[in-house]
Amino acid sequence: MRDQSTLRPASHAAQSIADLWWILFVVSVVVFFVVVTLLFVAVLRRRAGGAPDRSTSRGATKFVAVAGVIVPAIVVILLFFASVATLPAVSPAGKNARMTIDVVGRQWFWDVYYRNRTIRTANEIHIPVGVPVEIRVTSEDVIHSLWVPRLNRKIDVIPGQTNAVVFDADKPGIFRGQCAEFCGVEHGLMALLVVAQPAPQFDRWLADQAEPAPKSPGLDAFVGAGCSGCHEISGAPRKSRYGPDLSHLGSRLTIGAGTLTNTPEHLADWLRNPQRIKPGNKMPDLGLPEPEIQALVRYLESLK
Amino acid sequence: MTTVAYARRTTEPTVEAAPRSASNGWWGMVLFVATEATLFTVLLASYFYIRFKTSSGWPPDGIADPKLLRALVMTALLTASGFVMYAAETGIRRGRQRALVLGLGATFLLGLAFLGLQIWETVVVAREFTPRTDTYGSLVFTITGAHSVHLVVGLLLLAWVQGRAWFRAYTAGRHLGVQMAAMYWYFVVVVQVAIFVSLYLTPRI
Amino acid sequence: MEAHVERLEKVWAEPAGIVSFLTSVDHKRIGIRYLFTAFAFFIAAGIEAMVMRAQLARPGERLVSPETYDQLFSLHGTTMIFLFVTPMLSGFGNYCVPLMIGARDMAFPRLNALSYWVFLSSGLFIYASVPFGLAPNDGWFNYVPLSDKVFTPDKNIDFYTLGLIFITISTTAGAANFIVTIFKLRAPGMSINRMPLFCWAVLATSFAVIFALPSLTVANTMLELERNWGFHFFQPAHGGDPLLWQHLFWIFGHPDVYIIFLPAIGIVSSVVPVFSRRSIVGYEWLALATVLTGIVGFGVWVHHMFATGLPQISMTFFSAASFMIVIPSGIQIFAWLATMLTGRPVLKTPFLYVLGFVVVFVIGGLTGVMFAAVPFDQQATDSYFVVAHFHYVLFGGAVFPIFAGIHYWFPKMSGRMYHELAGQVSFWLVFVGFNLTFFPMHISGLLGMPRRVYTYPGGLGWDAYNLLSTIGSGVLAAGILVIALNVLWSLRRGPPALSDPWGGNTLEWSTSSPPPHFNFPVIPIVRSADPNWDVEDRRQDALRLERGELLLADGHQTLATTVLEGEAEDELHMPSESVWPFVLALSLSVVFFGLLMKLYGVAILGCILVAGAIAGWHRPQRELQDQ
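Residues numbered from 1 in each chain as written. Chains lettered and ligands numbered in written order. Predicted model: local features only at pLDDT ≥ 70, side-chain atom pairs only at ≥ 80, totals over all residues. Heavy atoms only, no water.

Notes on the overall build of chain B
Okay, so step 1: For chain B, the helix and strand inventory stands at 6 helices and 0 strands.
Okay, so step 2: Walking chain B from its N terminus toward its C terminus, one meets helices and strands in the order α-α-α-α-α-α.
Okay, so step 3: Here the C-alpha radius of gyration of chain B, 21 Å, is well above what a compact globule of 205 residues would show, namely 17 Å.
Okay, so step 4: Across the 205 residues that make up chain B, the buried fraction comes to 53%.
Okay, so step 5: In chain B, the proportion of contacts linking residues at least 24 apart, taken out of those at least 6 apart, comes to 80%.
Okay, so step 6: Here chain B has roughly 9,700 Å² of accessible surface; of this, 68% comes from carbon and sulfur atoms.
Okay, so step 7: Taken together, the 17 basic and 9 acidic charged side chains of chain B have centroids lying 12 Å from each other. (Helix = DSSP H or I, 4+ residues; strand = E, 2+ residues; numbered from the N terminus. Rg over C-alpha atoms; globule rule 2.2 N^0.38 Å. Buried < 20%, exposed > 50% of the residue type's maximum accessible area, 1.4 Å probe, protein only. Contact = heavy atoms within 4.5 Å. Areas by Shrake-Rupley, 256 points an atom, 1.4 Å probe, with all protein chains shown as cover. Lys, Arg positive; Asp, Glu negative; His and termini not counted. Charge placed at Lys NZ, Arg CZ, Asp CG, Glu CD.)

Written out as structure tokens, the structure is:
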């Protein structure tokens with residue numbers, strides 16, 4: 001369910017693109033077979049030898065004009081119209097979106113904001129099924145590209161400008177995406193998940209995300225280890241947006257922007273040695289003692 | 001008969017006398033000018049691209065409209081030098097050595113005067129903004145700077161040709177060096193006109 | 001007759017040894033140097049690719065670090081495009097154009113030598129980054145802001161920008177040289193509609209170079225100024241735009257792919273008539289299609305930016321132009337097919353590579369048409385599907401013709417025949433290896449695999465296709481190894497070649513293999529588009545040699561003709577050996593070294609050396625005729 005195939009569309013937009021692909025594919029196969037057949041005919045026919053043939057053949061020149069100009073012109077004009085017809089499904093003009101989510105591309109994770117930037121999470125976007133959701137994207141550093149193939153085309157994430165793409169899932173599911181514009185050393189491990197849920201579940205999830213983190217002694221371990229220098233936990237005193245928001249880390253499916261599934265063992269591995277798992281990422285190895293790591297894991301996994 | 005006449009006879013040309021079309025060196029300079037002119041076209045296109053993407057006023061960041069007087073004088077001087085260069089070229093085509101030498105000299109002096117004014121202009125403008133101020137500053141200084149570099153190359157070319165002219169290297173029928181230097185100089189003049197119009201006049205539209 | 005040839009040999013003789021190596025302006029020697037140097041860079045870029053494929057053979061592989069991987073893919077693309085395929089085709093152009101048009105050298109022989117020395121210097125400049133671990137690492141198109149100083153503080157990007165500005169000098173000079181040579185130095189009677197299609201291709205390419213390279217130079221200059229001098233062009237916080245880089249780059253970058261493709265199809269147009277034993281069908285169509293491709297190629301660049309959020313109206317315009325540009329290519333494919341269908345194909349190695357070209361390039365062209373469709377592009381761009389596409393058009397459209405050209409002209413260049421069976425074996429290894437490497441990438445791309453990733457997770461359905469690609473790369477490498485061994489072995493042990501082993505139709509086959517320094521003892525007279533098949537005309541050349549006509553032996557001489565009709569108009573005296581091109585290239589290296597290291601005193605010193613070298617170059621030579 002977490003695959004990224006453009007050929008398993010889960011939205012009308014992705015379906016339209018897949019349909020367009022199949023038209024392009026069939027036309028290409030036909031053309032290819034014509035060319036290869038002509039090649040085979042040319043090569044396999046044997047003719048008598050002699051001096052080079054210098055004649056000009058009217059028929060041959062006519063063949064070039066028809067096969068080289070007229071037929072391709074008709075074909076590309078038809079394909080152009082097919083492609084223009086697909087545009088509205090993919091980039092709908094006008095605002096039919098009923099919800100807006102802001103995503104900020106960062107080296108090498110995704111900042112995700114709901115409700116006019118009052119709710120913040122990371123690397124996981126939840127959407128209600130069957131509702132067109134506008135994802136507004138911008139970057140705070142280099143150019144990235146948001147790409148969730150099963151839901152829609154990719155959209156570049158550029159500093160200094162805001163772009164948008166619409167996700168309208170027609171069935172519930174978990175859809176994987178990845179950064180699709182080279183953005184530096186950990187571009188390869190900058191994934192995200194889009195979770196499409198029935199509306200009541202989505203509302204519950206969003207309500208949970210809006211809650212501040214419960215008071216807990218684990219928070220002291222978090223602050224004591226220096227984590228709040230980069231990471232924010234809602235309701236906690238320190239505010240830093242350098243790294244991803246961890247307020248509800250326990251509820252997320254992956255860590256490290258889709259690099260590892262979110263289990264206590266994986267989280268402990270990450271805390272011990274993030275540079276080994278995602279070399280060059282901006283979280284340094286902290287050299288924490290094992291008991292502290294276990295305490296942090298227990299605390300973070302409790303943040304649902 | 002000459003080799004050329006022999007070759008022409010053998011291939012049955014339609015016209016008896018050998019034509020004298022543009023020479024290799026002329027073509028070479030045309031192509032060099034074409035590529036450098038494209039460079040300036042791209043620079044000016046970048047200027048207009050940034051300008052049309054800038055929603056606040058232009059020039060941005062409270063920078064004043066560029067002052068016209070000095071730039072107008074500079075452009076007029078350089079345009080005049082183009083006409084003087086043309087006179088020098090016409091002169092040598094008619095075999096007039098003095099016209100060539102004087103014309104080249106006057107062109108050089110006018111070019112030098114332009115350069116002096118350009119330096120003055122740059123210093124004055126730099127009091128208000130520099131390339132490090134913003135993109136507008138970077139573009140203005142880069143475009144005018146690139147032009148000045150090309151102008152200096154033009155002055156060196158003129159000096160070289162001038163030196164050769166003193167030694168009577170050129171005649172009415174053979175003065176490719178003059179043609180090549182002239183063509184390059186006209187290019188430098190035309191680019192300045194384009195810069196003046198784009199950077200100095202159009203912000204006032 | 002011997003006396004005439006002896007006189008030419010004496011006039012054109014070159015001194016031996018290292019001095020000759022550094023001062024030669026013979027287009028044939030320079031062309032061969034280009035071929036060997038470019039092929040060496042090809043091997044380097046191929047090794048970079050092999051390491052990448054080893055890294056991607058399995059999910060989660062950690063053979064190389066991501067930093068190293070990023071330098072590998074960036075160097076691979078930059079090397080293949082700037083240091084292999086364009087110079088390789090320049091090498092063929094250098095060697096073949098004067099011979100094909102019946103001239104004794106290029107129009108500007110010393111400029112030709114300079115182009116080579118600058119190419120070599122700029123290639124070494126870029127590769128000097130490798131031992132320091134500072135190779136370019138933001139891909140061959142080097143997008144900002146990642147290539148800005150704040151995100152890539154080390155010199156990786158400066159090697160890229162300065163290296164490319166450096167090599168642009170070589171490419172532009174070469175283009176001007178080709179244009180003037182083709183316009184002015186054709187043999188008498190070779191009107192423009194009788195010149196070989198390879199020359200049409202080089203002509204169109206050279207004009208594209210003149211108008212496309214400045215955009216790259218502006219982009220690289222702006223980036224250097226922004227990185228090192230505090231200028232602002234691409235930074236939104238200072239009124240700039242990162243997309244300005246993309247526009248400037250692709251205004252160069254798209255014509256660049258035609259700069260690569262057009263000379264290669266010039267090679268195809270050379271091989272097809274000879275190995276089909278008939279004159280080419282649709283000469284005018286092919287010439288027109290070549291020129292149209294070069295021109296329309298300037299109007300499609302935005303199709304590299306369809307995912308950047310541009311207004312739909314502009315994307316639709318560029319989509320239409322991108323669909324249209326397939327039509328000239330279609331004309332060419334069917335003209336070659338018609339020639340083969342109405343001819344008698346001879347299945348030797350050069351022709352096999354041309355057949356491979358047709359199959360592979362057509363596939364690449366068809367996926368190219370797919371990318372013209374904006375919605376499909378917006379799914380498939382920046383994925384492995386586009387990696388497959390551009391390798392099919394670049395390898396199919398340029399490298400297969402290059403391999404054809406290597407085998408076709410090997411006998412002419414070396415005077416020996418290559419080993420035919422080895423040639424055929426190499427073809428099948430290359431053809432199978434190439435398809436095994438790159439076809440699966442279409443599938444992994446459609447399954448969502450982005451490009452430029454140093455690793456990928458298992459379980460997404462990509463694993464098998466990546467493994468197939470890696471295996472394919474080994475087969476492909478084996479094929480290329482066979483080509484290299486065939487060339488090296490045959491240079492020593494190949495049987496002597498005739499002047500015309502293939503029954504060729506163009507003038508290079510009318511002179512010996514290898515040609516003498518002066519190419520032709522007499523300037524040939526041309527009356528058709530297949531002059532070497534005009535047996536009577538070539539006999540007349542031999543008679544003229546006996547009578548000492550059209551000999552032009554008073555120095556390094558050739559004939560200038562008019563641009564369109566090819567009417568003789570002047571005798572040209574051309575320069576012989578000169579050290580100044582080498583000195584000038586060295587001086588330019590000093591300038592670029594100074595700029596790279598931010599030692600501006602060194603850079604200024606270099607400029608003075610450059611001025612001195614140019615002055616030395618232009619000191620009036622007794623030999624040169626000042627027209």
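Brief notes about the sheet that holds strand β10 (residues 191-197) of chain A
Residues and elements named next belong to chain A.
Okay, so step 1: Across the sheet, which stays open at both edges, the 5 strands sit in the order β4-β10-β9-β6-β7 with mixed pairing between neighbours. In this open sheet, the two strands that pair with only one neighbour each are β4 (124-128) and β7 (155-157). Each adjacent strand pair in this sheet contributes to an overall mean axis angle of 25°, direction not counted.
Okay, so step 2: Relative to β7, strand β6 (residues 144-147) is paired through 3 bridges, and the arrangement is antiparallel. Its bridge partner being in β7, H144 is matched across the sheet by V157.
Okay, so step 3: Most of the contacts of helix α3 (residues 199-210) go to β4, to which it runs at about 135°, and overall it touches β4 and β10. (Pairing = 2+ DSSP bridges. Axes fitted to C-alpha atoms, helices over the stretch in contact; angles between N-to-C directions.)

Structural notes on the pairing of strand β9 (residues 173-179) of chain A
All names here are of chain A.
Okay, so step 1: β9 sits mainly inside the fold: 7 of its 7 residues count as buried.
Okay, so step 2: By the bridge criterion, 2 bridges tie β6 to β9 in an arrangement that is antiparallel. Following the sheet pairing, L146 is matched in β9 by C179.
Okay, so step 3: Judged from the 6 bridges that link them, β9 and β10 form a sheet pairing that is antiparallel. Its bridge partner being in β10, F175 is matched across the sheet by V194.

Brief notes about the domain arrangement of chain A
Okay, so step 1: The assigned domain composition of chain A is domain 1 (12-90) and domain 2 (218-301).
Okay, so step 2: Just the C-alpha atoms count here: the centres of domain 1 of chain A and domain 2 of chain A sit 56 Å apart. (Domains from an automatic or database assignment.)

Some details on the sheet that holds strand β3 (residues 119-122) of chain A
Residues and elements named next belong to chain A.
Okay, so step 1: Ordered by their spatial adjacency, 5 strands build an open sheet running β3-β2-β1-β5-β8, and the pairing between neighbours is mixed. A strand with exactly one partner marks an edge of an open sheet, and here the two such strands are β3 and β8 (163-167). Sheet twist, expressed as the mean angle between neighbouring strand axes with direction ignored, is 25°.
Okay, so step 2: α3 contacts β1 (99-106), β2 (109-114) and β3 of the sheet and is inclined by roughly 100° relative to β3.

Quick word on a nonpolar patch on the surface
Okay, so step 1: Taken together, A:L7, A:W22, A:F25, A:V26, A:V29, A:V30, A:F33 and A:V34 make up a surface patch of nonpolar side chains, about 680 Å² in accessible area.
Okay, so step 2: If you trace the backbone, A:V34 turns up in helix α1 (residues 12-44). (Patch = residues over 30% accessible without salt bridge, like charges linked within 9 Å, V, L, I, M, F, W, Y side chains within 5 Å. Salt bridge = Lys/Arg side-chain N within 4 Å of Asp/Glu carboxyl O.)

Here's the deal with the interface of chain A and chain C
Okay, so step 1: Residue-level contacts link 83 residues of chain A with 85 residues of chain C.
Okay, so step 2: At the junction of chain A with chain C, the criterion picks out 3 salt bridges.
Okay, so step 3: We note a salt bridge from A:R54 to C:D534, for which the minimum N-O separation is 3.0 Å.
Okay, so step 4: Where chain A packs against chain C, one counts 24 residue pairs in polar contact (both at pLDDT 80 or more).
Okay, so step 5: Sorting the residues of the side of chain A that touches chain C by element identifies α1, α2 (58-90), β7, β9 and α6 (274-277) of chain A as the ones contributing at least two each. (Polar contact = N/O pair within 3.5 Å; in protein donor to acceptor, adjacent residues only side chain to side chain.)

Section: the packing of helix α4 (residues 66-100) of chain C against helix α7 (residues 197-228) of chain C
Residue and element names in this part refer to chain C.
Okay, so step 1: Between α4 and α7, whose axes approach to 11 Å, the crossing angle comes to 140°. Taken as axis vectors, α4 and α7 run oblique relative to one another. By crossing handedness, the relation of α4 to α7 is classed as left-handed. Along the contact surface, α4 presents F82, F92, G93, C96, V97 and M100, while α7 presents F198, C199, V202 and L216.
Okay, so step 2: In terms of residue class, the contact of α4 with α7 is made up of 9 nonpolar, 1 polar and no charged. (Parallel < 35°, antiparallel > 145°, perpendicular 65-115°, else oblique. Left-handed = near helix turned anticlockwise from the far one by under 90°. Nonpolar A, V, L, I, M, F, W, Y, C, P; charged D, E, K, R; others polar.)

Description of the side chain of A:E181
Okay, so step 1: Considering the arrangement of structural elements, one finds A:E181 in the loop between β9 and β10.
Okay, so step 2: Here A:E181 occupies a buried position and makes no salt bridge, while the nearest side chain of opposite charge, C:R452, is found at 4.6 Å.
Okay, so step 3: Excluding residues within four positions of it along the chain, A:E181 makes contact with A:I143, A:H144, A:S145, A:D156, A:H187, C:F141, C:Y143 and C:D382.

Here's the deal with the side chain of C:H247
Okay, so step 1: With respect to the helices, strands and loops of the structure, C:H247 is situated in helix α8 (residues 242-276).
Okay, so step 2: For C:H247, a relative accessible area of 14% translates into the label buried.

Let's talk about the packing of helix α3 (residues 27-56) of chain C against helix α5 (residues 109-127) of chain C
The description of two helices packed together rests on the angle between their axes and the distance between the axes.
Residues and elements named next belong to chain C.
Okay, so step 1: Contact geometry of α3 with α5 gives a least axis separation of 10 Å together with a crossing angle of 15°. Taken together, the axis directions place α3 and α5 in an arrangement best described as roughly parallel. Read as a crossing pair, α3 and α5 show a hand that is left-handed. For the pair α3 and α5, the contacting residues are H27, I30, R33, Y34, T37, A38, F41, A44, A45 and E48 in the first and P109, N112, A113, S115, Y116, W117, F119, L120, G123, L124 and Y127 in the second.

A closer look at the pattern of salt bridges
Okay, so step 1: Here the structure, examined in full by the defined rule, presents 27 salt bridges over all chains.
Okay, so step 2: The shortest N-O distance in the salt bridge between A:R8 and A:D3 comes to 2.7 Å.
Okay, so step 3: Relative accessible area serves as the criterion here: at 39%, A:R8 is assigned to the partly exposed category.
Okay, so step 4: For C:D541, the salt bridge is made with C:R544, and the minimal N-O distance between the two is 2.9 Å. Separated by 3 residues within a single helix, C:D541 and C:R544 lie in helix α17 (residues 535-547), roughly one turn from each other. Each member of the pair, C:D541 as well as C:R544, is classed as buried.
Okay, so step 5: Bridged by salt links that share partners, the residues A:R106, A:D111, A:R120, A:E140, A:E232, A:R241 and A:D245 form one connected network.

Structural notes on unusual backbone geometry
With the exception of glycine, most residues fall at negative phi, and the peptide bonds are largely trans.
Okay, so step 1: With an omega of 0°, the peptide bond running from A:Q107 to A:W108 counts as cis.
Okay, so step 2: Residue C:P145 is bonded to the preceding C:V144 through a cis peptide linkage, with omega at -5°.
Okay, so step 3: Relative to the helices and strands, C:P145 is located in the loop between α5 and α6 (156-184).
Okay, so step 4: One non-glycine residue, A:R117, adopts positive backbone phi at about 70°.
Okay, so step 5: You can see A:R117 is positioned in the loop between β2 and β3.

Here we look at the environment of C:R544
Okay, so step 1: Here C:R544 falls in the buried class, since its relative accessible area comes to 3%.
Okay, so step 2: In this structure, the C-alpha to C-alpha distance between C:R544 and C:I523, residues 21 residues apart in sequence, is 9.4 Å.

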